[in-house]
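Listed below are the residues making up each chain.
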2 protein chains.
Amino acid sequence: MPAKSTSADNLKANIPDLQIVIVGAGIGGLVAGIGFNRAGFTNIVIHESAKEIAEVGAGIQISPNLSRLLRRWGVLEDLRGYAVALEKNSIRRYENDAEIGSSPFMPQVEQQFGAPLWVVHRADLQMVLLKAARKAGINVQTGHHVDVVDFGSDGTPNVSPVRRPRYKVNNGEWLDADVIICADGIKSHTRRDMMKIYGQTDHAENTGDAAYRVTIPREKLLGRPELLKLVDESVSYRWIGPGGHIMVYPIRNHQLFNMVLLHPDRCDTEESWTATGPKSNMTKFYSSWSPTVRALLDLVEDDEIPEWQLKIHRPLVSWIEGNVALMGDACHPTLPYVAQGAAQAAEDAAVLAVVLSLINDKADIHTALLIYSELRKSRGETVVASASKTRDALHLPDGPEQIRRDEAIGKASRGESNSPDLWGDRLFQAWMWGVDIQQQAVDRFEHLYRQTLAKKQVHSEARRNFLQERNF
Amino acid sequence: MPAKSTSADNLKANIPDLQIVIVGAGIGGLVAGIGFNRAGFTNIVIHESAKEIAEVGAGIQISPNLSRLLRRWGVLEDLRGYAVALEKNSIRRYENDAEIGSSPFMPQVEQQFGAPLWVVHRADLQMVLLKAARKAGINVQTGHHVDVVDFGSDGTPNVSPVRRPRYKVNNGEWLDADVIICADGIKSHTRRDMMKIYGQTDHAENTGDAAYRVTIPREKLLGRPELLKLVDESVSYRWIGPGGHIMVYPIRNHQLFNMVLLHPDRCDTEESWTATGPKSNMTKFYSSWSPTVRALLDLVEDDEIPEWQLKIHRPLVSWIEGNVALMGDACHPTLPYVAQGAAQAAEDAAVLAVVLSLINDKADIHTALLIYSELRKSRGETVVASASKTRDALHLPDGPEQIRRDEAIGKASRGESNSPDLWGDRLFQAWMWGVDIQQQAVDRFEHLYRQTLAKKQVHSEARRNFLQERNF
């Protein structure tokens, strides 16, 4: 039985020189690198295909389940100067700014969950993480495109791989590793290859929505006190209307105003941080929305607005194959409506760090990755589903259903019912934000290790043949 | 949040008068009744279709994961007088009694797992349980055939039922209950109806095997010292040969010798405790087996031997529907080769008692049953798969694979490798026998309660429609 550890705060890898290769230096790959480093691993390489790590993205949420992990890893304080601690979320009617309901955030959330709720620019988080990774001696290689990953296994669930995984960088020779962590994002080609093993194709369903991302520097709001207030206070607003909604909040210590604008998809964009759409489309859709919304959009100078298409990805058959694991958007790309993209990637990283640090034999890597799946897959997929559900609630056309929804949001604000907006629902928050998944991984490891070995004994080659003969 | 409990030894139902209806007074139904009673429930009815509870079955194992629960429920001591504590299992070659390997059982197993390993006659266990149930004031109604169970739900996973479940007894009026536990065995019609909801048909795959069950009273062995020894000592033997194996051990305080004889199925029997086959078929198949085996079979006087067909049942989509739960053979019928039939039913009962005792609102019954599934389904199905796997290992024809298997069993006896016979494999035993699933249910309830509520919020009506529109 692998050695025990009782706290996620002092992990100490039993095989510190385990050769860990991480594909991608986005939020997921970087938190994975840092998580492994903090668990005592010393042989970590991150391959990033971009030549330079560029400032992309917009505001993202550092929810308590993420801030708890960043604090444990010693990077939360580095982020504080770039963050805004949100005091509440206010849900507004699209046409007239009327408040439908609100959820208190800070300081109540920190009191309840023991970790704060902040918002930051994705790029600021990435830069803080990159700096921390480099400071920790993690080898971050940019301009390294991982062309292909060879899982070293034959796709039989619960059966150990036949050999070590391999990969190619920039069309070079095969390189190998003890374990490969694929944090290669929403367009992960490792996911596609893994799905092929199970006869699945990598296909996403359109939601019918796309999103514009806009940021407005504070100085542009000077002289407009009613708008300046929005960046100076610590409140997020969600305007909800027929077929769309707008999410706004200040980031970067109130120096930048962040807006994400959901609207019907014109089907001429893509799932990407770098696609754009013309500003005229944006102003047209929101022309019937409140004066505040229109005043904000008037301040946007660019003609081309970053726009991405929002899709729903089905749950995968597996997140792991051989000694290769998917993590982050590579295995659970999500709609943004419960603001859990970065947090769920960090939960993956946290659990991977635990399970790999607690084994003491490289032959157990595959078992460790199965335990990772057991701890993370269902939880991650439920979060993805919660974002889809919240989407349905937010985009209702005006009518009886919308009136019932608005009443429910109002009641939820007074603690009288659940909220159809799961981001603001207390019961859902308790599960989404209240779980310390890394500590849970430590606590449950021993039992799950035994259980996984038992399952592996059952699902051996012989078992597989037996089942195949019977078309089981 | 429901009230906490810290030990499975002192459960105290928050809703003691919950109206619990159990279908079937086999081992599963009776342990469920007793488990609920010990958790403080006072309103328990068991409906059994048989007019009288008859002595059927043969020897079964009281493994540590079962004896631990029976001890907690105060019925283990009542069983002691009917039991034999096995000291070891000896695996023999079919043609000449040569020992291929052996596993130590008692007292080592009790020392390791804190609970004993016994074997008893199924009928003795059932009578002890029936007596305990009646003594506890549980209303056991014989001659009550439950014709149909109405789940009160529409088959949407994770969505609470629309109303209380109902059932009919002996073609009478609809009766209702807060929760219905279906322990109606391998031929469960509730399982069939539940599968229909998910578009599945209830179909089992033939393994190609059938089993004779024979019991020989000790007095018939008097004057045959070499055979008398088998009933007087505390050893189980497993003769393994091409296409079949024989499992024997003494039961009923050494007064009865129990034999189960696996052989190729002639496809003229059925999955039943009461079907039979002619003795001539039995002696013919085992005519090339060892003199000991043949001498034992010579002592069998009956012309018709109880025989049952061994099938593999696929894992079900769900074990619960609305406020109705399947348990025992009704949801995880198993091959007998790791001797877990009764134990797995008792684990179901133990977990059901925990989850229903910890809720404090009847609206949470469905959530409690989802937690039961979460705790039991994967574990139960892995045990079923382990029995199928062990079957493959035991019935190999003579040849290179069989030689490798026999070597592995020998090595496993010396602690040098895993055993292909999972019943005798130490690693598998640690998981199968070492887990106190009832205590685990207590320990994990709070987290699973939050998680299940989160999932239920996500999988609501709206979510379902949304997915259906997209053929998701």
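Residues numbered from 1 in each chain as written. Chains lettered and ligands numbered in written order. Predicted model: local features only at pLDDT ≥ 70, side-chain atom pairs only at ≥ 80, totals over all residues. Heavy atoms only, no water.

An unreviewed UniProt entry annotates chain A as FAD-binding domain-containing protein originating from Piloderma croceum. Quoted straight from UniProt, the Sequence similarities (unreviewed entry) entry for chain A says "Belongs to the paxM FAD-dependent monooxygenase family." (UniProt positions renumbered as here; feature names shortened; annotations may be inferred.)

What follows covers the overall build of chain A. When its secondary structure is counted, chain A shows 15 helices and 20 strands. Taking 472 residues into account, the globule formula puts the C-alpha radius of gyration at 23 Å, and chain A, at 23 Å, falls close to it. Oriented by its inertia axes, the alpha-carbon framework of chain A measures out at about 65 × 50 × 45 Å. Taken across its 472 residues, chain A has 63% of its residues classed as buried. Considering only residue pairs separated by 6 or more positions, chain A has 76% of its internal contacts joining residues 24 or more positions apart. (Helix = DSSP H or I, 4+ residues; strand = E, 2+ residues; numbered from the N terminus. Rg over C-alpha atoms; globule rule 2.2 N^0.38 Å. Buried < 20%, exposed > 50% of the residue type's maximum accessible area, 1.4 Å probe, protein only. Contact = heavy atoms within 4.5 Å.)

Judged by nonpolar contacts, the single largest core of 125 residues is most densely connected at Phe36(A), Leu70(A), Trp73(A), Leu125(A), Leu356(A) and Tyr372(A). Looking at this core element by element, the count peaks at 13 residues for helix H10 (residues 341-358) of chain A. (Core = buried A, V, L, I, M, F, W, Y, C linked by side-chain atoms within 4.5 Å.)

Mapping chain B onto chain A calls for a rotation angle of 180° and an axial translation of 0.0 Å; the resulting RMSD is 0.0 Å. What the superposition gives is, in effect, a two-fold axis relating one chain to the other. Considering only C-alpha atoms, the residue of chain B closest to the rotation axis is Arg444(B), which sits at 5.1 Å. (Least-squares fit on C-alpha atoms with pLDDT ≥ 70 in both.)

Another aspect to go through is the pattern of salt bridges. Residue and element names in this part refer to chain A. Going through the model one piece at a time under the given rule, you end up with 60 salt bridges over all chains. Across the pair Arg-238 and Asp-421 runs a salt bridge, and its minimum N-O distance is 2.8 Å. In this pair, Arg-238 is assigned in strand S14 (residues 235-241) and Asp-421 in the loop between helix H12 (400-413) and helix H13 (426-434), connecting sequence segments 183 residues apart. Judged by its relative accessible area of 2%, Arg-238 falls in the buried class. By relative accessible area, which is 1% here, Asp-421 ends up buried. (Salt bridge = Lys/Arg side-chain N within 4 Å of Asp/Glu carboxyl O.)

So, on to the packing of aromatic side chains. Applying the stated criterion across every chain, the model contains 24 aromatic pairs over all chains. Residues Tyr237(B) and Trp239(B) carry aromatic rings whose centres are separated by 5.9 Å and whose planes lie at 25° to one another, so their mutual orientation is stacked. Taken together, Tyr94(A), Phe285(A), Tyr286(A) and Trp289(A) form an aromatic cluster joined through their ring pairs. One Lys or Arg, Arg166(A), reaches over the ring of Trp174(A) and ends 4.1 Å from the middle of that ring. The ring of Trp431(A) carries the charged tip of Arg379(A) above its face, separated from the ring centre by 4.7 Å. (Phe/Tyr/Trp six-rings, centres within 6.5 Å; stacked < 30°, edge-to-face > 60°. Lys NZ or Arg CZ within 6 Å of the ring centre and 35° of its normal.)

A few words on the sheet that holds strand S13 (residues 204-217) of chain B. Residues and elements named next belong to chain B. The 8 strands are arranged S6-S5-S14-S15-S16-S13-S18-S17 in an open sheet whose pairing can be described as mixed. The sheet is open, and its two edges are formed by strand S6 (99-104) and strand S17 (276-278), each paired on a single side. Neighbour to neighbour, the strand axes of the sheet diverge by 25° on average, direction disregarded. Pairing geometry for S17 and strand S18 (residues 304-313), over 3 bridges, is antiparallel. When the bridges of S18 are listed, Pro-278 appears paired with Glu-304. Packing against the sheet, helix H12 (residues 400-413) makes contact with strand S5 (88-93), S6 and strand S14 (235-241), and its axis sits at approximately 35° to S6. (Pairing = 2+ DSSP bridges. Axes fitted to C-alpha atoms, helices over the stretch in contact; angles between N-to-C directions.)

A separate point is the side chain of Asp178(A). Residues and elements named next belong to chain A. Position of Asp-178 relative to the elements: it lies in the loop between strand S11 (174-176) and strand S12 (179-182). The class of Asp-178 is buried, set by a relative accessible area of 3%. Among the polar contacts made by the side chain of Asp-178, one reaches the main-chain amide nitrogen of Gln-19 at a distance of 2.8 Å. Engagement of the side chain of Asp-178 in a polar contact is seen with the side chain of Arg-164, the distance being 2.4 Å. (Polar contact = N/O pair within 3.5 Å; in protein donor to acceptor, adjacent residues only side chain to side chain.)

A word on the environment of Pro250(A). All names here are of chain A. Inspection of the secondary structure puts Pro-250 in strand S15 (residues 244-251). Distance from Pro-250 to Gly-26, taken between C-alpha atoms, is 23 Å for residues 224 residues apart in sequence. With residues up to four places along the chain from it excluded, the contact list for Pro-250 reads Val-84, Val-119, Leu-230, Val-231, Glu-233, Val-235, Leu-256 and Phe-257.

Residues and elements named next belong to chain B. The end-to-end C-alpha distance of H12 is 20 Å, a good match for the 20 Å that 14 residues give at a rise of 1.5 Å each. When we look at burial in H12, the residues that qualify are Gln-402, Arg-405, Asp-406, Ala-408, Ile-409, Gly-410 and Ala-412. Residues of H12 that are buried sit in contact with S5, S6, S14 and helix H11 (365-394). Positive backbone phi, at 75°, marks Gly-415, one or two positions downstream of H12. (Expected span 1.5 Å × (residues − 1).)

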